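Overview (structure and organization)
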Amino acid sequence: MEYLVTAAEMKRCDGNTIKHFGMSSMVLMERAALACVQELKERDRQLQEALRPFGPVHPGRRTLVVSGTGNNGGDGLAVGRLLYQAGFSVDYCLIGNEEEMHLTEETSAQLAILERYGQRVMRKLPEKEYDIIIDALFGIGLTRPVEGKFADAVDFINRQDAYVLSADIPSGINSDTGAVMGCAVQADITVTFAYRKLGLVFYPGARYAGKVVCADIGITGESFLGDYPRVFTLPKGEAALLPPRPEDGNKGTFGKVALLAGSRGMAGACQLSASAVLHTGAGMVRVVTDEGNRVILQTALPEAMITAYEQWSEAFEKELLHVFSWADITAVGPGLGQSNMALKLLEMVVEHSRGPIVMDADALNILAGQKELLEKLMEMQQDPEKRRELILTPHPGEFGRLAGKKIPEIQKDAIPLTREWAEKLQAAMICKGARTLVGSPDGKLYLNMTGNSGMATAGSGDVLTGILAGLLAQGMDAFSAAFAGVYLHGCAGDGAAHKKSEYGVTAGALIDELDHLMPKRGE
């Protein structure tokens, strides 16, 4: 698990390291600078190796440090000094208000050190070309748009044909949201310190950051003093997410899933979702679907049991109640449509199914349009005696309909809205997107780092629903199943893209990749 921090959380952690543990702020600054220099030296070494066959040619080392007056500027000045001592040709430019050049104590100290080394620090941007630029204008505390001479500096950096390293975060990027504050530096690499900031993970900040390196500078989890960040992620390659499988288990041991999916002509949705249930490890799946899908489903997935309907009747209602009594988990929504039949099915799920529920796609659209049903679900979930494990999986459009907001509002306020609705419904709330969020009722938030653009394809969400139901069926709680399922879904997408390219990923390929993600015996 890796924490992703807000500006406030990072400042608190940094302050505790200095004040509570007694670590010198100048030592931390030197360590941050060393981390940046190590990345640049490694790049220099790789370039020299690449150029070796062409004779005594050396990579360009003309370096400009563009610093602000805060501690981020001090980091930049220290980087420049260390590069100068390593043989790089370094110029320094300090950007600030000429009348009120208020430097932090640490940046003043770095400036004095440079002067003792005979280094001159300019106050205006030079009319020269550079091979490397160190962006240290603003750190994580930027709260207002970049304007005036600071905007000119950002523009200057972006116009140079140079390799740009941003210290901690690209200047102009909001460290909590990834938003561009007027304008922002386009970095080739960002060396961030101690913990990744949310703004380096959310778009468009992730795009401006380039390659992100998280450097250990001596600030550790102890500096949170027990008050840990609420947002976490899992690095790619994380193992042991799946529940253990007892060797003496049987198909009942691994759970029975009822999947209500697939209106007439939508057999693919229920087939993909049911297949994902089984490929994730659940013991059995029974698909409740339109009669028109029966033959297709039996042919494509003979392992699935089928309860089919043509219209609502007392006999079908009795059979559906029997399905609910049989199932450990109920998933509803993929390809279900928004007909009166679909509404009755969802009402039955809310009122009569037992055990955990996964609601996806059309189930969410119906819920958004049926306020009484939504309120009933909320009341049930707020009552500890009636509450069930619940996962909802909206994309921004579905979330917007549910919350009564426009898509840009959902995207802008994804973190608070995900937390709000997770608490309202006492559910694991999945807000799908390029950076999918999973919220828990107690305020924890998982931010997913797996997956790629190839997963924006028909049926991908149906596969996720099946994965979630399969994990719940094996005994995982809703939040654990939700973030593990999103993570595995993204890993499957990455595996498929590696084989096919992001242009050729299909939902079926995601299911194929699930098999490769499951641990083998002895692993």
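Throughout what follows, the structure given in this document is the object of discussion. The numbers attached to residues start from 1 for each chain and follow its sequence in the written order. In keeping with the model being predicted, local features are shown solely for residues with a pLDDT of at least 70 and side-chain atom pairs are shown and tallied solely at 80 or more, while totals for entire chains, interfaces and linings include all residues. For side-chain calculations, the full set of non-hydrogen atoms in the structure is used, while hydrogens and water are omitted.

1. Observations regarding the overall build of the protein
Every helix listed is a DSSP run of H or I at least four residues long, and every strand listed is a run of E at least two residues long, numbered separately from the N terminus. When helices and strands are tallied, the protein shows 18 helices and 19 strands. Expressed along its principal axes, the backbone C-alpha trace of the protein runs to roughly 90 × 55 × 40 Å. Relative accessibility under 20% of the residue-type maximum defines a buried residue, over 50% an exposed one, and the middle range a partly exposed one, all with a 1.4 Å probe and only protein chains included. Among the 523 residues that make up the protein, the fraction classed as buried is 56%. Approximately 23100 Å² of the protein is accessible, and the part contributed by carbon and sulfur atoms is 50%. Charged side chains of the protein number 52 positive and 65 negative; the gap between the two group centres comes to 2 Å. Each accessible area is a Shrake-Rupley result for a 1.4 Å probe, and residues are judged covered by the shown protein chains and nothing else. Residues counted as positive are Lys and Arg, residues counted as negative are Asp and Glu, and His and the chain ends are not counted. Think of each charge as sitting on NZ of Lys, CZ of Arg, CG of Asp or CD of Glu.

2. Considerations on the nonpolar core
By size, the foremost hydrophobic cluster in this structure holds 103 residues, and its most contacted members are Ile391 and Tyr446. Per-element tally for this core: the top contributor is helix H17 (residues 478–500), with 13 residues. Not counting residues up to four positions away in its chain, the partners in contact with Ile391 are Ile357, Val358, Met359, Ala428, Ile430, Leu468, Leu472, Ala478, Ala481 and Ala482. Buried Ala, Val, Leu, Ile, Met, Phe, Trp, Tyr and Cys residues form a nonpolar core when they are joined through side-chain atoms within 4.5 Å. Contact between two residues is taken to exist if any of their heavy atoms lie within 4.5 Å; hydrogens are not considered.

3. Structural notes on the sheet that holds strand S10 (residues 231–233)
Paired through backbone hydrogen bonds, the strands of a sheet run either parallel or antiparallel to each other. In space, the 12 strands of this open sheet follow the order S8-S1-S10-S19-S18-S17-S16-S15-S14-S11-S12-S13, with mixed pairing throughout. This sheet does not close on itself; its edge strands, each paired only once, are strand S8 (196–197) and strand S13 (305–309). Across two bridges, the pairing between strand S1 (residues 2–5) and S8 is parallel. By the bridge assignment, Leu4 is partnered in S8 with Arg196. As a rule, the C-alpha atoms of each element are fitted with a line to give its axis, helices using only the stretch in contact, and angles between N-to-C directions run from 0 to 180 degrees. Against the sheet, helix H15 (residues 414–424) touches S10, strand S17 (428–431), strand S18 (437–439) and strand S19 (445–447), its axis set at about 35 degrees to S18. At least two bridges found by DSSP between two strands is the condition for calling them paired.

4. Points about helix H4 (residues 105–116)
The length a helix should cover is 1.5 Å for every residue beyond the first. Here H4 contains 12 residues, and its C-alpha end-to-end distance of 17 Å stays within 8% of the 16 Å for a straight helix at 1.5 Å per residue. All of the buried residues along H4 are Glu106, Thr107, Gln110, Leu111 and Leu114. When H4 is viewed along its axis, its buried side chains cluster within an angular range of 140 degrees and face the same direction. Facing away from the buried side of H4 by over 90 degrees, the exposed positions are Glu105, Glu115 and Arg116. Considering only its buried residues, H4 is in contact with helix H2 (25–51), helix H3 (71–85), strand S3 (89–94) and strand S4 (121–122). One or two steps after H4, the chain reaches Gly118, where phi turns positive at roughly 80 degrees. Of all possible arcs, the one meant is that of the directions from the helix axis to the C-beta atoms.

5. Brief notes about the side chain of Gln110
Within the secondary structure layout, Gln110 lies in helix H4. If sequence neighbours within four positions are ignored, Gln110 has contacts with Met26, Met29, Glu30, Gly74, Leu77, Ala78 and Arg81.

6. Re the packing of helix H7 (residues 267–279) against helix H16 (residues 460–473)
Running from N to C, H7 and H16 cross one another at 35 degrees; their axes reach a closest spacing of 7 Å. With respect to the hand of their crossing, H7 and H16 are arranged in right-handed fashion. Each of Ala269, Leu272, Ser273, Ala276 and Val277 in H7 lies in contact with H16, whose residues at this interface are Asp462, Val463, Thr465, Gly466, Ile467, Ala469 and Gly470. For this classification, the nonpolar set comprises Ala, Val, Leu, Ile, Met, Phe, Trp, Tyr, Cys and Pro, the charged set comprises Asp, Glu, Lys and Arg, and every other residue, Gly included, is treated as polar. Per-class residue counts for the contact of H7 with H16 are seven nonpolar, four polar and one charged. Take the far helix as the reference: if the near one is turned anticlockwise from it by less than a right angle, the crossing is left-handed, and if turned clockwise, right-handed.

7. Some thoughts on H3
Its 15 residues give H3 an end-to-end C-alpha distance of 21 Å, which sits within 8% of 21 Å, the value for a rise of 1.5 Å per residue. H3 sits mainly inside the fold: 12 of its 15 residues count as buried. Where H3 ends, the next residue or the one after it, Gly87, has phi of about 100 degrees, a positive value.

8. Things to note about the pairing of S17
As a general feature of sheets, a regular strand has side chains that alternate between the two faces. Across the two faces of S17 the burial is the same, with Ala428 and Ile430 and Met429 and Cys431 all buried. As paired strands, strand S16 (residues 390–392) and S17 are joined by two bridges and run parallel to one another. Within S17, the residue paired with Leu392 across the bridge is Met429. Pairing analysis gives three bridges linking S17 to S18, with the strands arranged antiparallel. Among the inter-strand pairings, Met429 is bridged to a residue of S18, identified as Gly439.

9. Remarks on the side chain of Thr63
One can find Thr63 in strand S2 (residues 62–67). Using a relative accessible area of 0% as the deciding quantity, one classes Thr63 as buried. Engagement of the side chain of Thr63 in a polar contact is seen with the backbone oxygen of Arg61, the distance being 2.9 Å. Within 3.5 Å is the distance limit for a polar contact, defined as a pair of N or O atoms, with the added protein rule that one can donate a hydrogen and the other accept it, and that residues adjacent in sequence qualify only through two side-chain atoms.

10. Concerning unusual backbone geometry
Residues Tyr203 and Pro204 are joined by a peptide bond in cis, for which omega reads 5 degrees. In this model, Gln426 sits at a positive phi of 45 degrees, which is unusual for a non-glycine residue. Tracing the chain through its elements places Gln426 in the loop between H15 and S17. For Ser501, which is not glycine, the phi torsion reads 85 degrees and is therefore positive. Its location among the elements puts Ser501 in the loop between H17 and helix H18 (507–517). Given the relative accessible area of 31%, Ser501 is considered partly exposed.

11. Here we look at the sheet that holds S4
Spatially, the seven strands line up as an open sheet ordered S4-S3-S2-S5-S6-S7-S9, and their pairing is parallel. Of all strands in the sheet, those with a lone pairing partner are S4 and strand S9 (211–215), marking the two edges. Here strand S5 (residues 132–136) runs beside strand S6 (residues 163–167); their pairing, made up of four bridges, is parallel. When the bridges of S6 are listed, Ile133 appears paired with Val164.

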